[in-house]
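Structure assessment
Here's the letter readout for the chains.
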Amino acid sequence: MDPLQLAQRSVIVAADDDPDDVDLLQMLFRRAGIGYRFEVFSRGEDVIAALLGAMRSAIAMPLLCFLDVKMPAMTGHDVLRWIRQQRELDAIPIVMLSSSEHPADVEQATANGAQCYLAKYPQPSVLQQVIAEAERFAKGAPAAECFRMAANLLLRE
């Protein structure tokens with residue numbers, strides 16, 4: 001992906017049903033100095049609708065998507081499975097962000113294709129790392145070389 005295409009992917013999408021969690025995540029992004037536009041949805045269904053709209057209108061896809069594991073109706077796992085069934089969305093790294101570190105949640109995220117699973121609330125430096133990895137992924141770095149970071153619970157032994 002050339003720098004112009006990367007610049008067009010200037011939005012980060014997040015889904016979380018708790019307004020306090022959203023406020024905290026936005027504050028952490030500000031503290032980390034992350035300049036991407038941040039679009040937050042309170043329901044998984046709304047993320048899917050936004051991505052369908054982007055696919056239909058050829059709008060640039062998000063650089064990264066954060067999904068809360070536990071949401072009513074469609075969970076983060078449900079949204080993750082849907083995203084991974086859409087070939088057009090393969091270039092969007094998915095970070096599961098949850099208060100749950102239950103091994104079953106982490107294993108399910110791995111099986112469904114998440115690049116990263118972070119416990120709430122990551123330090124600003126961890127968010128900076130995640131964004132840097134998403135940028136590397138967007139520039140065409142092989143998926144196996146991205147998101148290999150200490151904070152990534154998917155890789156913890």
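This section reports on the structure supplied with the text. (Residues numbered from 1 in each chain as written. Predicted model: local features only at pLDDT ≥ 70, side-chain atom pairs only at ≥ 80, totals over all residues. Heavy atoms only, no water.)

**Remarks on unusual backbone geometry**
Of note, the amide linkage connecting Lys120 to Tyr121 takes the cis form, showing an omega dihedral of 5°. Counting through the fold element by element, Tyr121 comes out in the loop between strand S5 (116-119) and helix H6 (124-138). Positive phi, close to 60°, is recorded for Ala73, a residue that is not glycine. Under the relative-accessibility criterion, Ala73 is labelled exposed at 66%. The phi dihedral of Phe147 falls on the positive side, at around 65°, and the residue is not glycine. Structurally, Phe147 is set in the segment after H6. (Helix = DSSP H or I, 4+ residues; strand = E, 2+ residues; numbered from the N terminus. Buried < 20%, exposed > 50% of the residue type's maximum accessible area, 1.4 Å probe, protein only.)

**Digging into H6**
In a regular helix each residue adds 1.5 Å, so 15 residues correspond to 21 Å; H6 covers 21 Å between its end C-alpha atoms and thus fits that length. Along H6, the residues that are buried comprise Pro124, Val126, Leu127, Val130, Ile131, Glu133, Ala134, Phe137 and Ala138. (Expected span 1.5 Å × (residues − 1).)

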